[in-house]
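Architecture at a glance
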Amino acid sequence: MDASADELTEPTGADPVPLTEPADGVPPVVSEPSALRRAASALAGAKGPVAVDTERASGYRYSQRAYLVQLRREGAGTVLVDPIALGGRLDPLVEALQGTEWVLHAASQDLPCLAELGLRPAILFDTELAGRLAGFERVALGTLVERLLGYRLEKGHGAADWSRRPLPPDWLNYAALDVELLVELRDVLEEELRRQGKLDWALEEFEAARTAPPPRPRVEPWRRTSGIHRIRNPRQLAAVRAMWEARDSIARERDIAPGRVLPDSALVEASVKNPKTEAEMIALPVFRGRAQRRGVGTWLAALRQAETLDRSELPDPSPQHDGPPPPNRWADKDPAAAVRLAAARTALTAAAEANTLPVENLLLPDLLRRTCWQPPEDLSTEGVAEALRTGGARSWQVELAAAVLAEALRTTPTV
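This report concerns the structure included in the present document.

Here we take up the overall build of the protein. Counting its secondary structure elements, the protein contains 20 helices and eight strands. Residues classed as buried in the protein amount to 45% of the 415 residues present. The contacts in the protein between residues at least 6 apart in sequence include a share of 68% that link residues at least 24 apart. Total accessible area computed for the protein in this model is approximately 21,500 Å², and 49% of it derives from carbon and sulfur atoms. Across the protein, the centroid of the 51 positively charged side chains sits 9 Å from that of the 60 negatively charged ones.

Soluble globular proteins tend to bury their nonpolar side chains together. Counting 52 residues, the largest nonpolar core has Leu 363, Leu 368, Leu 388 and Leu 405 as the members making the most contacts within it. With eight residues, the top contributor of residues to this core is helix α20 (residues 395-409). If we skip the residues at most four places from it in the chain, Leu 388 touches Leu 363, Leu 367, Thr 371, Ala 393, Val 398, Ala 401, Ala 402 and Leu 405.

For the rest of this paragraph, the subject is helix α9 (residues 234-254). An α-helix turns once every 3.6 residues. As a result, residues three or four positions apart point the same way. In this model, α9 (21 residues) spans 30 Å end to end at C-alpha, consistent with the 30 Å of a helix rising 1.5 Å per residue. Measuring from the side-chain oxygen of the N-cap residue of α9 to the backbone nitrogen of Arg 235 gives 2.7 Å; that N-cap residue is Asn 233. Of the residues one or two after α9, Asp 255 is the one with positive phi, at around 50°.

Take the packing of aromatic side chains next. Scanning all chains against the criterion turns up five aromatic pairs. Taken together, a centroid distance of 4.8 Å and an interplanar angle of 10° make the contact between Trp 201 and Trp 396 stacked. In this pair, Trp 201 is assigned in helix α8 (residues 199-211) and Trp 396 in helix α20, connecting sequence segments 195 residues apart. Judged by relative accessible area, Trp 201 falls into the buried class, the value being 11%.

Before going further, it helps to examine the pairing of strand β7 (residues 123-126). Pairing analysis gives four bridges linking strand β6 (residues 101-104) to β7, with the strands arranged parallel. Looking at the pairing, Trp 102 lines up with Leu 124 of β7. Handedness of the β-α-β unit built from β6, helix α3 (residues 107-116) and β7 comes out right-handed.

What follows is about the environment of Arg 345. Its place among the elements puts Arg 345 in helix α16 (residues 335-354). Exposure remark for Arg 345: the relative accessible area of 40% places this residue in the partly exposed category. Expressed as a C-alpha distance, the spacing of Arg 345 and Leu 104, which sit 241 residues apart in the sequence, is 31 Å. Contact partners of Arg 345, with chain neighbours within four places excluded, come to Pro 327 and Leu 368.

Direction vectors running N to C along helix α5 (residues 141-149) and helix α7 (residues 182-195) enclose 65°, while the axes themselves pass 10 Å from each other. Once α5 is placed against α7, the crossing between them reads as left-handed. Of α7, the residues touching α5 (which contributes Leu 141, Leu 144, Val 145, Leu 148 and Leu 149) are Leu 182, Glu 184, Leu 185, Val 188 and Leu 189. Classifying every residue of the contact of α5 with α7 gives nine nonpolar, no polar and one charged.

Cut-offs used in this document
Residues numbered from 1 in each chain as written. Predicted model: local features only at pLDDT ≥ 70, side-chain atom pairs only at ≥ 80, totals over all residues. Heavy atoms only, no water. Helix = DSSP H or I, 4+ residues; strand = E, 2+ residues; numbered from the N terminus. Buried < 20%, exposed > 50% of the residue type's maximum accessible area, 1.4 Å probe, protein only. Contact = heavy atoms within 4.5 Å. Areas by Shrake-Rupley, 256 points an atom, 1.4 Å probe, with all protein chains shown as cover. Lys, Arg positive; Asp, Glu negative; His and termini not counted. Charge placed at Lys NZ, Arg CZ, Asp CG, Glu CD. Core = buried A, V, L, I, M, F, W, Y, C linked by side-chain atoms within 4.5 Å. Expected span 1.5 Å × (residues − 1). Polar contact = N/O pair within 3.5 Å; in protein donor to acceptor, adjacent residues only side chain to side chain. Phe/Tyr/Trp six-rings, centres within 6.5 Å; stacked < 30°, edge-to-face > 60°. Pairing = 2+ DSSP bridges. Right-handed = clockwise from strand over helix to strand, strands pointing away. Axes fitted to C-alpha atoms, helices over the stretch in contact; angles between N-to-C directions. Left-handed = near helix turned anticlockwise from the far one by under 90°. Nonpolar A, V, L, I, M, F, W, Y, C, P; charged D, E, K, R; others polar.

In structure tokens, the structure reads:
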């Protein structure tokens, strides 16, 4: 493999140029069907890849829908689309973008909400993933733009409540800048990947990201409540579950982020303290706010529901995992598997460093753990390669990882 990405852009001593506003200014937001048709026609008549980004309201809303879609294409300039004002009906845009290459940064974050609007790329280039494969240690959009293009992007509104209307001018300026240089960044990264002999790897990864199915729903999502690890009592776990489900129902109905209805800490504290009356509930610190006091009856009802459950209905304090146990338990549960995992991690880390890659991009940690916990019967390179392909590894990953992983899987504990 050629020299690392760190050699691509040596520091020149010149300060990056602040980019505080788009070169063509901030366009008006497309919020009416006629404006959408005009914007779609301009994009369809332009050329080259299309830079695409979205703004959501994570932390404010229950849904992960897009509240703004930003696009930019040479010859059409930047387009800002309000899918909420348009009722999610973006058919002219869907038609205009058919067959085009889309450039996104961290595409897996944006593709689901774009798919909700009927927008799906025919070809994808992910600049964050490209940066990782090229060996850059820091792959945030602003960092890559500064390093490779010499501009410093305006920061500040990525975590804002984009469901707000009207959107403030400085937010729109920020949103437009996110696609201002995305295609230029794509071109530089493509050339660097080609120089390193990694472009084919990247194309495989982009296609895998483009065609990835939606994640499977979690079997017991309530178990991800922050702080729940402190609870081992099944009855108290049932209380957490009941309160979590009540909160989730309210959050979904009102389209409010669950943590804004009631924080996780309140679910855990109420489940441990188990208040019997509204007065006792309100006495808990988190329940003293006006909104929490209004909903105190709902939370008490959830606690009472958990109290009435039969023992057979209580959650298991140690549920079965879909896959191997956490690695820190392997030494006790299966010492041979722990040895295999340690050997595999060492071997893959060395292979990743030799190819200037993050080890998690060389092979997904979950696939590595599953393979080490339950190795294939055939521990030859070909047998391990087949196991990796079955587990979803791409051909370039199999080519780099199969042989070293096969050797690691044959490692046995020393007596």
